[in-house]
Amino acid sequence: MTLGQIKNLLPTLENVEFALENGTFVPEHFHVTEIGIVTKKFIDCGGTMREEEKVNFQLWDANDFEHRLKPGKLLNIIKLSEEKLGIKDLEIEVEYQSDTIGKYDLDFNGKYFVLKNKMTACLANDACGIPAEKQKVNLSELKAVQQGGCAPNSGCC
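Bear in mind the structure is a predicted one, so any value in this text is a computation, not a measurement.

Each value, and the rule that gives it
- Residues numbered from 1 in each chain as written.
- Predicted model: local features only at pLDDT ≥ 70, side-chain atom pairs only at ≥ 80, totals over all residues.
- Heavy atoms only, no water.
- Pairing = 2+ DSSP bridges.
- Helix = DSSP H or I, 4+ residues; strand = E, 2+ residues; numbered from the N terminus.
- Axes fitted to C-alpha atoms, helices over the stretch in contact; angles between N-to-C directions.
- Contact = heavy atoms within 4.5 Å.
- Expected span 1.5 Å × (residues − 1).
- Buried < 20%, exposed > 50% of the residue type's maximum accessible area, 1.4 Å probe, protein only.
- Arc of directions from axis to C-beta.
- Phe/Tyr/Trp six-rings, centres within 6.5 Å; stacked < 30°, edge-to-face > 60°.
- Polar contact = N/O pair within 3.5 Å; in protein donor to acceptor, adjacent residues only side chain to side chain.

What to know about the sheet that holds strand β1 (residues 18–20)
Argument step 1. Spatial strand order, β1-β6-β5-β4-β3-β2: 6 strands in an open sheet with mixed pairing. At either end of the open sheet lies a strand with only one pairing partner, and these are β1 and β2 (30–43). Taking the axes of each pair of neighbouring strands and ignoring which way they run, one obtains an average angle of 40 degrees across the sheet.
Argument step 2. Here 3 bridges tie β1 to strand β6 (residues 113–117), and the two strands are oriented parallel to one another. Residue pairing for β6: Leu-20 is matched across the bridge by Leu-115.
Argument step 3. Of the strands in this sheet, β2 and β3 (49–61) touch helix α2 (residues 71–85), which is tilted by about 40 degrees from β2.

Let's talk about α2
Argument step 1. Spanning 15 residues, α2 covers 21 Å between terminal C-alpha atoms, matching the ideal 21 Å at 1.5 Å per step.
Argument step 2. Every buried residue of α2 is listed here: Pro-71, Leu-74, Leu-75, Ile-78 and Ser-81. The arc enclosing the buried residues of α2, seen along the axis, measures out at 120 degrees, which places them on a common side. Within α2, the exposed residues directed more than 90 degrees away from the buried face are Lys-73, Asn-76, Glu-83 and Lys-84.

Some details on the packing of aromatic side chains
Argument step 1. Tallied over the full model, the rule gives 4 aromatic pairs.
Argument step 2. Taking the centre distance of 5.3 Å and the plane angle of 90 degrees together, the rings of Phe-18 and Phe-30 count as edge-to-face. Pair noted here: Phe-18 is in strand β1 and Phe-30 is in strand β2, with a separation of 12 residues, a long-range link.
Argument step 3. Residue class for Phe-30 comes out buried when judged on its relative accessible area of 1%.
Argument step 4. Grouped by ring-pair contacts, the aromatic residues Phe-18, Phe-30, Phe-108 and Phe-113 constitute a single cluster.

A few points about the side chain of His-29
Argument step 1. With respect to the helices and strands, His-29 occurs in the loop between β1 and β2.
Argument step 2. You can call His-29 buried: its relative accessible area is 10%.
Argument step 3. Within the local environment of His-29, its side chain forms a polar contact with the side chain of Asp-61, the two groups lying 2.9 Å apart.
Argument step 4. Those residues within four positions of His-29 in sequence are excluded, and the remaining contacts are Asp-61, Ala-62, Asp-64, Phe-65, His-67 and Arg-68.

Below, the structure written as structure tokens:
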């Protein structure tokens, strides 16, 4: 989700709610303690230089049980960060504390925001030497295709 997308969604919501993919909700008294720009410059294992820039939201579960962040307040925080930091319409990454600080992609399911698990991946598959996964084929499906007339010289191909 981009900053522009969340800005369009917030005015349509009564409450700002976040949940992890496993269905666990961020406590409703959370704070957005930071909005910023994170720039990452790195080199992958194949030697390619890369740069990534994201908008970062940090959620914090405080002991302030009376606090409820409303959509208008979050929208004002976003607008202030755009004005002061020159933030562009970039993808949002959310930091949230679990066992350690977790980084999540952001999505919206029509009711609330979902903190999507992020996974590591090799960006230089051709340089790693890790073979591509072989496609798994169910032999019964293959036999059904053959029996369906797609045999050599059958004219179906």
